[in-house]
Amino acid sequence: MFKGVRPILYGGQEVWPLIEGGKGVSATNHASAGAWAAAGGIGTVSAVNADSYDADGRIIPQIYRALTRRERHEELINYAIEGAVQQVRRAWEIAGGKGAININVLWEMGGAQRVLHGVLERTRGMVAGVTCGAGMPYKLSEIASHYGVSYLPIVSSARAFRALWKRAYSKAAEWLAAVVYEDPWLAGGHNGLSNAEDPRAPQDPYPRVKALRETMREGGISDEVPIVMAGGVWYLRDWENWIDNPELGAIAFQFGTRPLLTQESPIPQAWKDKLTHIEPGEVLLHRFSPTGFYSSAVRNPFLRALEARSDRQIPYSTEQAGDHQYQLDVGVKGKNFWVTLGDLQRARVWHGHGFTEALKTPDNTLVFVTAEEKAEIRKDQADCMGCLSQCQFSSWADSETNSTGRLADPRSFCIQKTLQDIAHGGDPERNLMFAGHAAYKFKQDPFYSNGFVPTVKQLVDRILTGD
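Residues numbered from 1 in each chain as written. Predicted model: local features only at pLDDT ≥ 70, side-chain atom pairs only at ≥ 80, totals over all residues. Heavy atoms only, no water.

Q: Whenever I open this one, the pattern of salt bridges confuses me. Can you help?
A: Where side chains of opposite charge bring their charged atoms close, a pairing between them can arise. Counting across every chain of the model gives 33 salt bridges. Of the charged contacts in the structure, one is a salt bridge between lysine 417 and glutamate 376, with a shortest N-O distance of 2.9 Å. With lysine 417 in helix α11 (residues 415-423) and glutamate 376 in helix α10 (residues 371-382), the pair connects residues that are 41 residues apart, well separated along the chain. Between aspartate 380 and lysine 417 there is a salt bridge, and its shortest N-O distance comes to 3.0 Å. (Salt bridge = Lys/Arg side-chain N within 4 Å of Asp/Glu carboxyl O. Helix = DSSP H or I, 4+ residues; strand = E, 2+ residues; numbered from the N terminus.)

Structure below.
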């Protein structure tokens, strides 16, 4: 047992201060979460478009039959609630009364509040807490306390927590079980990097977590309420000076990337195989997500294609003005596209290489794509089912108008489509592959040598040694 690591009281019983990160769209499910809880930790079922099963135990494909986005959005919410309920019930059975089961949602997912109500209503007594990030989940405390479950907001700064506490959480303080600090430079998936922070200049998490604890103390929150360090956590020995540190108070740890490579992990074998070959620096902090948030994913051909697409981009004017003196004669129909001479020449080169279609972006630029790419982009935009509260790729918004009021952005992608595909057997090279920035350690860590893939229990036991 690594020194200083001891059980905490959570959900009415003692558990290890080790939390399984809740990776959305079927990357964590009942099998991994239930096993994590059975090993004495806090397992996390993703309530983001979770899988549900037919009478024979086969995954039910999430097929959308409605003709309008609004109707497909209703289908999506029904799938999400039913799937998460089934996952929680199965995880609860696997846990066998040990550990605890949390659920995880993204506040910016479409219908987040309705999904939370629907799941918690039907899983009473099974869910210990709700982790929630990707946005400012002001209503989280109100919803969680209504069902008598704890809430664990995910923040990336003391400032964000202060806003949540003052506006809402102080009114339901007794249900605040922990605050998850998710490092915006190290965590996988969507990250809470603010516009004031440089994505290329990572900050040391210690002063940021210390500031978070100070903010919690200002609100009268006990030091016994843990801060959960998330993002970049691999070996507990790397965090030795955080444990039993009076400056920080109680600390727990969240593991998002490591549980992907376990026997119970539901991700396909090709994805697991890819994890063992990731090199340092191969996880990219990027801004292509239709959420508008920064996010971290493996820089595979899928991500490289998005980078290249944005590189094939030029600004235009709708009238002849300034440097924009040359009429664009490739990629567009009509004569109201005026560009610089240099951009005209670049556009002609791209056109000659097969990027024959120019698509408008919300920023008065044009991106050049192939005819096949254009057809796929337009189809994906048309098939939108409203999986986000606001989507830059399709212009969907979960509002009365169902529109963001902005032009759909062809530099982004349908996140629902690619995450469903990679989670259910799709090529990990051709889909978005979320991962934390420490994923390269799979290749370096002797625990995984000779192709060893641990059970969740073996992984938790290993983590508890400090390794």
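Moving on from the model shown.
Q: Any chance you could explain the nonpolar core here in plain terms?
A: Residues Ile103 and Phe161 are the most contacted members of the largest nonpolar core, which totals 118 residues. The residues contacting phenylalanine 161, other than those within four sequence positions of it, are Pro153, Val155, Tyr169, Leu176, Val179, Leu212, Thr215, Met216 and Ile221. (Core = buried A, V, L, I, M, F, W, Y, C linked by side-chain atoms within 4.5 Å. Buried < 20%, exposed > 50% of the residue type's maximum accessible area, 1.4 Å probe, protein only. Contact = heavy atoms within 4.5 Å.)

Q: Before we go on, may I ask you to explain the sheet that holds strand β13 (residues 294-298) in this structure?
A: What links the strands of a sheet is backbone hydrogen bonding, and the strands pair in either a parallel or an antiparallel sense. If you trace the three strands from one edge of the open sheet to the other, you get β9-β13-β12, paired in antiparallel fashion. What marks the edges here is a single partner per strand, and that holds for β9 (189-191) and β12 (283-286). Strand-to-strand twist of the sheet, defined as the mean angle between neighbouring strand axes without regard to direction, takes the value 25 degrees. Across three bridges, β9 lies against β13 in antiparallel orientation. Paired with histidine 190 across the bridge in β13 is serine 295. (Pairing = 2+ DSSP bridges. Axes fitted to C-alpha atoms, helices over the stretch in contact; angles between N-to-C directions.)

Q: What's the story with the pairing of strand β6 (residues 129-133) in this structure? I'm lost.
A: Burial of β6 is extensive: five of the five residues sit out of reach of the surface. The alternating pattern of β6 places Gly129, Thr131 and Gly133 and Val130 and Cys132 on opposite faces, both of which are buried. Summarising the sheet, strand β5 (residues 100-106) and β6 pair through five bridges and their orientation is parallel. Its bridge partner being in β6, asparagine 102 is matched across the sheet by glycine 129. Once you follow β5 into helix α3 (residues 112-122) and on to β6, the crossover reads as right-handed. Bridge count between β6 and strand β7 (residues 150-155): four bridges; the pairing is parallel. The residue bridging threonine 131 from the neighbouring strand is leucine 152, located in β7. In terms of handedness, the path from β6 via helix α4 (residues 140-146) over to β7 forms a crossover that is right-handed. (Right-handed = clockwise from strand over helix to strand, strands pointing away.)

Q: Teacher, can you tell me more about α10 here?
A: Each turn of an α-helix holds 3.6 residues, which means side chains three or four residues apart point in the same direction. A rise of 1.5 Å per residue sets the reference length of α10, with its twelve residues, at 16 Å; its end C-alpha atoms lie 17 Å apart and thus fit the reference within 8%. Among the residues of α10, Glu373, Ile377, Asp380 and Gln381 are the ones counted as buried. On an axial view of α10, the arc spanned by its buried residues comes to 100 degrees, and they lie on one face. More than 90 degrees from the buried face of α10, the exposed residues found are Glu372 and Lys379. Where α10 is buried, its residues meet α2 (69-95), α8 (301-311), β17 (357-360), β18 (365-369) and α11. (Expected span 1.5 Å × (residues − 1). Arc of directions from axis to C-beta.)

Q: Which parts of the structure should I look at to understand the packing of aromatic side chains?
A: Two aromatic rings, taken as a pair, are described by how far apart their centres are and by the angle between their planes. Under the criterion given, the structure shown has 15 aromatic pairs. Three or more aromatic residues joined by ring pairs form one cluster here, namely Trp234, Phe442, Phe447, Tyr448 and Phe452. Across the ring face of tyrosine 53, the terminal group of arginine 90 is positioned such that the distance to the ring centre comes to 3.9 Å. Sitting over the ring of tyrosine 235, arginine 237 keeps its end group 3.9 Å from the ring centre. (Phe/Tyr/Trp six-rings, centres within 6.5 Å; stacked < 30°, edge-to-face > 60°. Lys NZ or Arg CZ within 6 Å of the ring centre and 35° of its normal.)

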